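Secondary and tertiary structure notes
Chain by chain, the residues run as shown.
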Amino acid sequence: MKHIIKKITSAVALSAFSLLMGSFAFAGEPLKIDVDMINATCKMMPPDMLQCQGIKAMWTDPATQAAQSLSSVDVMFQWDPLTYNFKIKEVLGVQCNNTVRVQVVSVVSGEPLANATVSLRGQSVTTDEDGIARFIGVKTGSATINSAKDGFEADSLDITVACDALKHVAVRLMPKS
């Protein structure tokens, strides 16, 4: 039975990510999605459900050629007796590993600003000697970065954080007159 579940979940996992990500095509070519179920766990849910947790999908963004991924996707499948396939009943959740890297520099000199305070969604970080602040585990969606340093005008910047992404942001602060 375990072998059958693994085979079924491998076959239906791709359709799960098609639902999650929509039907993507680039220049008429379908988007190839690699599905990793090595760390996924699946269990039968009576009478006709299959719940899989920890599925990972990886693909290459055709526009940027950057590697993209979704990790820890949890999906509930339901058996369809008409097609003899499991179909997605519900996407239970997607956990993302998002990092935002902010570099604060002087707009006049272009030099990095150490010890500047950078805030993102209620979390504040002080920049290192290279003017860099890192935020790990940032939730997906819109956010505002606030940056401040003594002797400089404070600044705000709106960003969008993508799932499983490393977002690089440059902030330029103007010295006070």
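Conventions adopted
- Residues numbered from 1 in each chain as written.
- Predicted model: local features only at pLDDT ≥ 70, side-chain atom pairs only at ≥ 80, totals over all residues.
- Heavy atoms only, no water.
- Pairing = 2+ DSSP bridges.
- Helix = DSSP H or I, 4+ residues; strand = E, 2+ residues; numbered from the N terminus.
- Axes fitted to C-alpha atoms, helices over the stretch in contact; angles between N-to-C directions.
- pLDDT = per-residue confidence, 0-100.
- Contact = heavy atoms within 4.5 Å.
- Buried < 20%, exposed > 50% of the residue type's maximum accessible area, 1.4 Å probe, protein only.
- Disulfide = S-S within 2.5 Å.
- Core = buried A, V, L, I, M, F, W, Y, C linked by side-chain atoms within 4.5 Å.

1. Thoughts on the sheet that holds strand S14 (residues 166-173)
- Ordered by their spatial adjacency, 3 strands build an open sheet running S11-S8-S14, and the pairing between neighbours is mixed. In this open sheet, the two strands that pair with only one neighbour each are strand S11 (132-136) and S14. Taking the axes of each pair of neighbouring strands and ignoring which way they run, one obtains an average angle of 20° across the sheet.
- Note that strand S8 (residues 99-106) and S11 share 5 bridges and pair antiparallel. The residue bridging Gln103 from the neighbouring strand is Ile132, located in S11.

2. Topic: the sheet that holds strand S9 (residues 117-120)
- Pairing is antiparallel in the open sheet, where 4 strands are placed in the order S10-S9-S12-S13. Of all the strands in the sheet, the pair left with one neighbour each is strand S10 (123-126) and strand S13 (155-161). Across the sheet, the mean angle separating the axes of adjacent strands is 25° when strand polarity is ignored.
- With 4 bridges connecting them, S9 and strand S12 (residues 141-148) associate as antiparallel partners. By the bridge assignment, Val118 is partnered in S12 with Ser147.

3. Some points on the confidence of the model for the protein chain
- The predicted model of the protein chain has a mean per-residue pLDDT of 78, with 78% of residues at 70 or higher.
- The element-level mean pLDDT for the protein chain is lowest in helix H1 (residues 2-21), coming to 43, with S9 highest at 96.
- This stretch, residues 1-27, has a pLDDT under 50; its non-local contacts, to residues over four places away or in other chains, come to 48 contacts.

4. Regarding unusual backbone geometry
- Of note, the amide linkage connecting Pro46 to Pro47 takes the cis form, showing an omega dihedral of 0°.
- Secondary-structure assignment places Pro47 in the loop between strand S4 (41-45) and strand S5 (49-60).
- Non-glycine residue Asn115 carries a positive phi angle of around 65°.
- Given the relative accessible area of 56%, Asn115 is considered exposed.
- Notably, Arg121 is not glycine yet its phi reads approximately 50°, a positive angle.
- Counting through the fold element by element, Arg121 comes out in the loop between S9 and S10.
- What makes Arg121 partly exposed here is its relative accessible area of 39%.

5. Quick notes on the state of the cysteines
- For the coordinates displayed, the defined rule picks out 1 disulfide.
- Cys42 shares a disulfide with Cys52; S-S distance 2.3 Å. Between Cys42 and Cys52 the disulfide shows an S-S torsion of about 115°. By sign, it is right-handed. One end of the pair, Cys42, is in strand S4; the other, Cys52, is in strand S5, and 10 residues separate them in sequence.
- For Cys42, a relative accessible area of 26% puts it in the partly exposed group.

6. A short note on the nonpolar core
- In this structure, Val100, Val102, Val104, Phe135 and Ile145 are the most contacted members of the largest nonpolar core, which totals 19 residues.
- Put simply, the parts of the chain that give this core at least two residues each are S8, S9, S11, S12, S13 and S14.
- Not counting residues within four places of it along the chain, the set of residues in contact with Val104 comprises Glu111, Pro112, Leu113, Ala116, Val118, Thr127, Gly131, Ser147, Val171 and Leu173.
- By size, the runner-up hydrophobic cluster in this structure holds 14 residues, among which are Cys52, Val73, Val75 and Phe77.

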